[in-house]
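As a plain string of letters, each chain reads:
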Amino acid sequence: MTSAAPEEGYERGLGSRQVQMIAIGGAIGVGLFMGAGANIAKAGPSIILMYALAGVVIFFIMRALGELLLYRPVSGSFAEYAREFLGPFFGFVTGWTYWLMWVVTGMAELTAAAIYINYWYPSIPQWVSALVFLVVLFGVNLISVKIFGEVEFWFSMVKVTAIIGMIVIGLGVLTLGFSDAGDTAAASNLWSHGGFFPNGIGDSLMTLQGVMFAYLAVELVGVTAGESEDPEKTLPKAINTLPWRIIIFYVGALVVLLAVVKWTEFSAGESPFVHAFSKIGIPFAAGIVNFVVLTAALSSCNSGMYSTGRMLRGLAANSEAPKAFGMLNARKTPAIGITVSALLMGIGVVLNYVVPEKAFEYVTSVATAAGIWAWAMILVSHIKYRKAVTSGRLPASSFPAPGGAVFSWVALIFLIIVTGLIAYDKDARVCLYVGAGWAVLLVIGWFVLKSREGAQPGAPAEAEPEYARK
């Protein structure tokens, strides 16, 4: 075992094929397959514009992250950049907050996966399914990063195939008129039922908080930087193809969906894909989408275990978490950090027996708030980095973001607006209360670390370049 700097000691076992699919899978999750129904009911066809607008901002964020990654590719990415450009405290807060995001997401996804299994096998106790999934994914992450990458590759393949299939079938219905939906399917459904903004622009904007949740995990490709075989080639390619993924899997899928079935038929609590497949008359539509959503939930939990272990290792390397979290096992995975995170996710499964169903909405809002913090830290770090490059204090990245820091400022303002929308929504603002409590705990933890004899929280990792500390 070793407790080297977070970018040292890992196996660079993620090939281009796997990194590409991790990037694609990160942009397709339960937020699209299930959450889009509630958003469509609120915004009507204008939800297409909301996903497109958020997608543009996400691309700005990822290009900012890409420039930082090619300047210094490290596992832990944005937590390390927050530490370097904003100070040890912000690295500490970002690392632990991103860890929290994936732990609470893992809690929800495991329970959701067990519920999806009950669709086919109602006699199996929910806790049994959740426990089996937890153990299997824990083993996948413990064995090696190659196994994680391969499992995530196939999870992503299922999601991609499902959406492409939906788009192709939907286009067939629109152009050829076959299926039970052929008589009513038409492009005019996008504006004929109350207009493009049927409930007003205000209601459409209020969906942005839910839309942003759908994009959580796109930044996961940054966490893979320390374990990619050739980050200089694979990371730019994965980031530059993001606009196409958003156009096809979000904008394209929703355009076809809302043209085939008028928006007034969709509702919260039901997958819009299940409804559309059923309307078209595809056999076993509900079962097909249930399998895809199960895959999306397991993919999210799998990614959560992967990222939590890496974040804890980065924190340990900077004396901001127990040293044991910095150790690698013989297969070069942060086994102790993964184990602790998995155990906490397991506690969440138990707790969900006594927590009302509303808890899932709270979990998603808390995860969104944590994700917004991580994205904001990427943008602020990028702005500081560009300033350092302009003044000649740091070398330029081989993958510069277009427009320099301009679009990072635009994206940062957008995130502030979304935070304001969350505060305005009485159901969603609970995440800000949780965030405030979490912030208090982090501040207390920081001062406890500083007061401990011999502890130096935020000390630069051993392998950090000398110029990065100027």
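Residues numbered from 1 in each chain as written. Predicted model: local features only at pLDDT ≥ 70, side-chain atom pairs only at ≥ 80, totals over all residues. Heavy atoms only, no water.

Quick notes on the overall build of the protein
So, step 1. Counting its secondary structure elements, the protein contains 19 helices and zero strands.
So, step 2. Looking at the protein residue by residue over its 470 residues, the buried ones come to 57%.
So, step 3. Looking at the protein as shown, the accessible area adds up to about 18,400 Å², and 69% of this sits on carbon and sulfur atoms. (Helix = DSSP H or I, 4+ residues; strand = E, 2+ residues; numbered from the N terminus. Buried < 20%, exposed > 50% of the residue type's maximum accessible area, 1.4 Å probe, protein only. Areas by Shrake-Rupley, 256 points an atom, 1.4 Å probe, with all protein chains shown as cover.)

Regarding the side chain of Glu-219
So, step 1. In this structure, Glu-219 sits in the loop between α10 (208-214) and α11 (220-223).
So, step 2. For the buried Glu-219, no salt bridge is present, and the opposite-charge side chain at shortest range is Arg-245, 10 Å distant.
So, step 3. A polar side-chain atom of Glu-219 sits 2.5 Å from a polar atom in the side chain of Tyr-98.
So, step 4. Separated by 3.0 Å, the side chains of Glu-219 and Trp-375 make a polar contact.
So, step 5. If near-sequence neighbours (up to four positions away) are discounted, Glu-219 is found in contact with Met-62, Leu-65, Phe-78, Tyr-98, Met-101, Trp-375 and Ile-378. (Lys, Arg positive; Asp, Glu negative; His and termini not counted. Salt bridge = Lys/Arg side-chain N within 4 Å of Asp/Glu carboxyl O. Polar contact = N/O pair within 3.5 Å; in protein donor to acceptor, adjacent residues only side chain to side chain. Contact = heavy atoms within 4.5 Å.)

Considerations on the pattern of salt bridges
So, step 1. All chains considered together, the criterion is met by five salt bridges.
So, step 2. The closest approach of N and O atoms between Arg-83 and Glu-80, which form a salt bridge, is 2.9 Å. Placement of the pair is Arg-83 and Glu-80 together in helix α5 (residues 77-86), with a separation of three residues, close to one helical turn.
So, step 3. Residue class for Arg-83 comes out buried when judged on its relative accessible area of 9%.

Some points on the packing of helix α7 (residues 126-143) against helix α8 (residues 145-176)
So, step 1. Orientation of α7 relative to α8, taken along the N-to-C sense of each, is 130 degrees, at an axis distance of 7 Å. Here α8 runs oblique to α7, going by the angle between their axes. In this structure, α7 contributes Leu-137, Val-140, Asn-141 and Ile-143 to the contact, and α8 contributes Ile-147, Phe-148, Val-151 and Phe-155.
So, step 2. Partitioned by chemical class, the residues of the contact of α7 with α8 number seven nonpolar, one polar and no charged. (Axes fitted to C-alpha atoms, helices over the stretch in contact; angles between N-to-C directions. Parallel < 35°, antiparallel > 145°, perpendicular 65-115°, else oblique. Nonpolar A, V, L, I, M, F, W, Y, C, P; charged D, E, K, R; others polar.)

Some remarks on the confidence of the model for the protein
When pLDDT is low, close inspection of the predicted coordinates is not appropriate.
So, step 1. Looking at the protein as a whole, its pLDDT mean stands at 81, while 84% of the residues score no less than 70.
So, step 2. Per-residue pLDDT stays below 50 along residues 1-7; that stretch engages in 26 contacts with residues further than four places along the chain or on separate chains. (pLDDT = per-residue confidence, 0-100.)

Details of a nonpolar patch on the surface
So, step 1. Where nonpolar side chains cluster on the molecular surface, the patch consists of Leu-49, Phe-196, Phe-197, Ile-201 and Leu-205 and spans about 400 Å² of accessible area.
So, step 2. Along the chain, Leu-49 turns up in helix α4 (residues 47-71). (Patch = residues over 30% accessible without salt bridge, like charges linked within 9 Å, V, L, I, M, F, W, Y side chains within 5 Å.)

Some words on the packing of aromatic side chains
So, step 1. Following the criterion strictly, the structure yields 16 aromatic pairs and no others.
So, step 2. Note on Phe-89 and Phe-90: the rings are 5.8 Å apart at their centroids and 80 degrees apart in plane angle, and the pair reads as edge-to-face.
So, step 3. Relative accessible area serves as the criterion here: at 31%, Phe-90 is assigned to the partly exposed category.
So, step 4. Centroid distance Phe-196 to Phe-197: 5.3 Å. Interplanar angle 85 degrees. Geometry classified as edge-to-face.
So, step 5. Classification of Phe-196 by relative accessible area gives partly exposed; the value is 31%.
So, step 6. Every member of this aromatic cluster is reached through a ring pair, and the members are Phe-89, Phe-90, Phe-92 and Trp-446. (Phe/Tyr/Trp six-rings, centres within 6.5 Å; stacked < 30°, edge-to-face > 60°.)

Points about empty space enclosed by the protein
Over the atoms, a rolled probe matching the size of one water molecule traces out where space is still vacant.
So, step 1. One pass over the structure, following the stated rule, counts three cavities of 30 Å³ or more.
So, step 2. Together, Phe-59, Phe-60, Arg-63, Ala-64, Ala-401, Pro-402, Gly-404, Phe-407 and Ser-408 line the second largest cavity.
So, step 3. Those elements that provide at least two residues to the lining of the second largest cavity are α4 and α18 (406-424).
So, step 4. Residue contributions to the lining of the second largest cavity peak at four residues, all from α4.
So, step 5. Among the residues making up the lining of the second largest cavity, the classes are represented as six nonpolar, two polar and one charged. (1 Å grid on protein atoms, 1.4 Å probe; cavity = no way out; pocket = protein on both sides within 12 Å on 5 of 7 lines; lining within 4 Å. Points joined across faces, edges and corners; volume = space filled by probe spheres on them.)

A look at the environment of Gln-18
So, step 1. Note that Gln-18 resides in helix α1 (residues 16-26).
So, step 2. Between the C-alpha atoms of Gln-18 and Thr-234, which are 216 residues apart in sequence, the distance is 9.6 Å.

Describing unusual backbone geometry
So, step 1. Of note in this structure, Ser-319 is not a glycine but carries a positive phi near 60 degrees.
So, step 2. Among the secondary structure elements, Ser-319 is positioned in the loop between α15 (285-317) and α16 (335-351).
So, step 3. Using a relative accessible area of 30% as the deciding quantity, one classes Ser-319 as partly exposed.

With respect to α4
So, step 1. With 25 residues, α4 should reach 36 Å at 1.5 Å per residue; the first-to-last C-alpha distance of 36 Å fits that figure.
So, step 2. Within α4, 21 of the 25 residues are buried, which leaves the element mostly enclosed by the surrounding structure. (Expected span 1.5 Å × (residues − 1).)

Describing the environment of Trp-375
So, step 1. Relative to the elements of secondary structure, Trp-375 occurs in helix α17 (residues 359-390).
So, step 2. When its relative accessible area of 1% is taken as the criterion, Trp-375 is described as buried.
So, step 3. Taking C-alpha positions, Trp-375 is 8.9 Å from Met-62, a pair spaced 313 residues apart along the chain.
So, step 4. Look past the residues within four positions of Trp-375 in its chain and what remains in contact with it is Ile-58, Ile-61, Met-212, Tyr-215, Leu-216, Glu-219 and Leu-415.

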